[in-house]
Amino acid sequence: MPLCPALLAACGDHDSNLCHNRPMIKLQPTIDRIKALLEEDTEASITYAALEARLALEKVCYDRLRQRHDYISHDQLRKWQPGGVINTLISDVDAHLTETMTLSMSKTPASDDVKPEDEDYVEIGTEVGFDAKKIVKMWNAVARLALHVRLPKDKNDHIPDYGDKAETRAKVLEVVAELERLAKGTMTFSGIGMEVSFDCSCGTKNKRREKLLREGQHIHCISPDCKATWKVTKEGEETVFESVTADIDCDNCGATNCIPWRFFWEMKYDEHGTFSCHTCRHKNYVKWQLALARRNPQDHAGAG
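This section reports on the structure supplied with the text. Residues take numbers from 1 onward in each chain, read along the sequence in its written order. Totals for whole chains, interfaces and linings use every residue, but because this is a predicted model, local features are given only for residues with pLDDT of at least 70 and side-chain atom pairs only at 80 or more, for both listing and counting. The basis for every side-chain value is the complete set of non-hydrogen atoms in the structure, without hydrogens or water.

So, on to the overall build of the protein. A run of DSSP states H or I qualifies as a helix once it reaches four residues; a run of E qualifies as a strand once it reaches two. Both are numbered from the N-terminal end. The number of helices and strands found in the protein is seven helices and 13 strands. Only protein chains enter the area calculation, which uses a 1.4 Å probe; residues under 20% of their type maximum are buried, those over 50% are exposed, and those in between are partly exposed. Counting only residues that meet the buried cut, the protein has 39% of its 304 residues in that class. Contact between two residues is taken to exist if any of their heavy atoms lie within 4.5 Å; hydrogens are not considered. Across the protein, the fraction of contacts at a sequence separation of at least 24, relative to all contacts at a separation of at least 6, is 58%. In the structure as shown, the protein presents an accessible area of about 18300 Å², 53% of it carried by carbon and sulfur atoms. For accessible areas, the Shrake-Rupley method is used with a probe of radius 1.4 Å. Any residue's cover is judged against the shown protein chains and nothing else.

On to the pairing of strand β8 (residues 229–235), then. Here, any two strands with at least 2 DSSP bridges between them count as paired. Relative to β8, strand β7 (residues 218–220) runs antiparallel, the two sharing three bridges. Residue pairing for β8: H220 is matched across the bridge by T229. As defined by bridge partners, β8 adjoins strand β9 (residues 238–243) across six bridges and the pair is classed as antiparallel. By the bridge assignment for β9, V232 is matched with F241. Linking β8 to β9, which pair antiparallel, is a turn of two residues; within it G236 sits at a positive phi near 70 degrees.

This paragraph deals with the packing of aromatic side chains. Only rings of Phe, Tyr and Trp enter the pairing, Trp through its six-membered ring, and a pair is recorded when the two centres are within 6.5 Å. The plane angle decides the type: under 30 degrees is stacked, over 60 is edge-to-face, the rest tilted. All chains considered together, the criterion is met by six aromatic pairs. The interplanar angle of 25 degrees and the centroid separation of 4.2 Å between the aromatic rings of F198 and F241 together place this pair among those described as stacked. Taken as a pair, F198 in strand β5 (residues 195–199) and F241 in strand β9 lie far apart in primary sequence, 43 residues in all. Across this residue pair, the class does not change: F198 and F241 are buried. Seen from their ring centres, F263 and F264 are 5.2 Å apart, and the 85 degrees between their planes marks the pair as edge-to-face. Taking the relative accessible area as the measure of exposure, F263 reaches 24% and is therefore partly exposed. Given the relative accessible area of 8%, F264 is considered buried. Taken together, the ring pairs connect W261, F263, F264 and W288 into an aromatic cluster. Positioned above the aromatic ring of W139, the side-chain terminus of R54 is 3.8 Å from the ring centre. In this scheme, the term charge over a ring applies when either NZ of a lysine or CZ of an arginine sits within 6 Å of the ring centre and within 35 degrees of the ring normal.

Rendered as structure tokens:
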């Protein structure tokens, strides 16, 4: 079977990059809006405060994703909910995602005769960590209390316009306290650890944290316009990325075309897809189709 161009892409770049300083989310305007709604102290305003609180918790989690989106394709986020996003990032992008991290710089240049722990440091900034389970618990609670109408138990049951005002207020205040704590952060990080990188066949440079790569793991190119998927293999100390393709012979000239598997994964059953042969440019048609699988005649003869 012929090899596709760029079938194997060795990680040609190692980087000890620890962080990237990027604009961080501003929580104070949201906190101020929530407090103003609480001060109105009506059932409606408390409900709207709960909505703002829930959206703010989502923003906290999604901002951690935004800071690290150079390291994961959007299509590989297994769940959209904040808890699912955070768990995916911890396992695949940054194991230290929820930890509080502070960046400091020594006042003097590094010297061989001075140990790092003996240096005099100046704090540059801090990213405040959080308890992911606590965030998810609060996110679910404000929805349960305020953002869903209660189901009637019978035909005589009254359907209230809003949830319990006192309970909702108490939970929103809990969220506000957490948001105020997180708002004390002064910088953000994209992660910690050695990087490996490779150039996809589309030309996009992909980066990953070396320690979080697993043998046999599939990663998508981070370009939203590219369908390439790469399989991780370990060869000694080297990480190699192998393109995951289906080899299909052109119906016109017989040349083998290596088509990214994601092209097929995203097709619906019985849907037609097309690709142009890389040799003769003939337009080929493919589709998912149910087929009868026959057992080996020898296996069939031996069955009883």
